[in-house]
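A structural walkthrough
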Amino acid sequence: MAGNSFGNLFSLTTFGESHGPALGGVIDGCPAGIQLDLDKIQLDLDRRKPGQSAIVTQRKEPDEVRFLSGLFEGKTTGTPIGFIIENTDQKSHDYSHIKDSFRPSHADYVYNQKYGFRDYRGGGRSSARETASRVVAGAIAKQFLKDIKIRAFVSSVGHITLDKPYTSLDIDLAEQNIVRCPDPQKAKQMEAFIKEVRKDGDTVGGTVTCVIENVPVGLGEPAFEKLHAELGKAMLSINAVKGFEYGSGFSGTVMRGSEHNDLYNPDGTTITNNSGGIQGGISNGMDIYFKVAFKPVATIMKAQPTIDNEGNAVEMHGKGRHDPCVVPRAVPIVEAMAALVLADYKLINQARNHNEI
């Protein structure tokens, strides 16, 4: 199975399954001498971990990261950073009912067809639990990036949408409620709706908006390594993601060029930011902002028709512990993947500038 690594110079390789002994990763290319705040790394893991509120899966995992290499006296050494996160609350018997059949809209069928074998316990490698390793790496990338500020928040759950521009919001308020929406009133509506959906044995999707501030001019490469393309790839690699748009996105299609163009100030900043901080695939120094769409979780607590390994029609009832809506826990994952992209491009810029000298 290929495709387990992300990044060029600042890279992450993850390993582990949902119900295996542990998850983990190896970060390569992180520069030496970075003083790491390990509490901040654990805080991001705590924001992603299961069991943190009444509206997420009730699997109880401490998700404590243990570093095996690459750190000495609190600083990075420049060598590969290896780490593990142990699984402690697996209930593999919850998945015995899907041993010989396929959950609709899951990776079960395609894994079985491609590899001829699959780990049916929680989806194995296809489980979103793999993203815990990304959050660790992203938290380290954030500390490498220093002055660049990366914050994400829930901007919609189902039909409940936060229709305000991010510039009019206090994004820090997102961490003050369990939905992670910076509008307290909308957050209450979203929470109530998620609980209603869960009570009905169903699931619902939503969107996460990410804002990146203090980005220097010049990150990104033409023509096949454009910054927005790499951000899109990063976001679309997250489980359950079905869409990505940056800047004006799809709303820009109904505007005229005279409305959409970002006119310059004398200092090179722009009056508007429909470009989303990226022009020609390269950061222009304005805020980068984008939105990520998450589908409803595929496992629902209702009977659904499906097929078994022999192609026979069978009925499946959802079991186990699952999120009725993934977006509150996806916020730190979106931030982490954005940080990995920017850390990689920062190193690429440094390498090319050094070569020019």
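Scroll up for the structure.
Residues numbered from 1 in each chain as written. Predicted model: local features only at pLDDT ≥ 70, side-chain atom pairs only at ≥ 80, totals over all residues. Heavy atoms only, no water.

Topic: the environment of glutamine 279
Looking at the secondary structure, you find glutamine 279 in strand 12 (residues 278–279). Note on glutamine 279: relative accessible area 27%, which makes it partly exposed. Separated by 53 residues in the primary sequence, glutamine 279 and lysine 226 have C-alpha atoms spaced 9.2 Å apart. In this view, glutamine 279 contacts Asp262, Tyr264 and Asn284; residues no more than four positions away in its chain are not counted. (Helix = DSSP H or I, 4+ residues; strand = E, 2+ residues; numbered from the N terminus. Buried < 20%, exposed > 50% of the residue type's maximum accessible area, 1.4 Å probe, protein only. Contact = heavy atoms within 4.5 Å.)

As for the pattern of salt bridges
Under the criterion given, the structure shown has 22 salt bridges. Close ionic contact of arginine 103 with aspartate 108 constitutes a salt bridge, the shortest N to O distance being 2.8 Å. Assigned by exposure class, arginine 103 and aspartate 108 land together as buried. Residue arginine 118 pairs with aspartate 108 through a salt bridge whose shortest N-O separation is 3.7 Å. You can see arginine 118 sitting in the loop between helix 2 (108–115) and helix 3 (131–145) and its partner aspartate 108 sitting in helix 2, a full 10 residues away along the chain. Taken together, the shared-partner salt bridges in this structure form one network comprising Asp44, Arg47, Lys142, Glu175, Arg180 and Glu335. (Salt bridge = Lys/Arg side-chain N within 4 Å of Asp/Glu carboxyl O.)

Regarding the packing of aromatic side chains
As enumerated under the stated definition, the model contains 6 aromatic pairs in all. An angle of 85° between the planes, with centres 5.3 Å apart, marks the rings of phenylalanine 102 and tyrosine 109 as edge-to-face. Taking the relative accessible area as the measure of exposure, phenylalanine 102 reaches 5% and is therefore buried. Judged by relative accessible area, which is 39%, tyrosine 109 ranks as partly exposed. Between the aromatic rings of phenylalanine 244 and phenylalanine 290, the centroid separation amounts to 5.4 Å while the plane-to-plane angle is 50°, which identifies the pairing as tilted. Of this pair, phenylalanine 244 sits in strand 11 (residues 241–246) while phenylalanine 290 sits in strand 14 (residues 288–294), placing them 46 residues apart in sequence. Assigned by exposure class, phenylalanine 244 and phenylalanine 290 land together as buried. (Phe/Tyr/Trp six-rings, centres within 6.5 Å; stacked < 30°, edge-to-face > 60°.)

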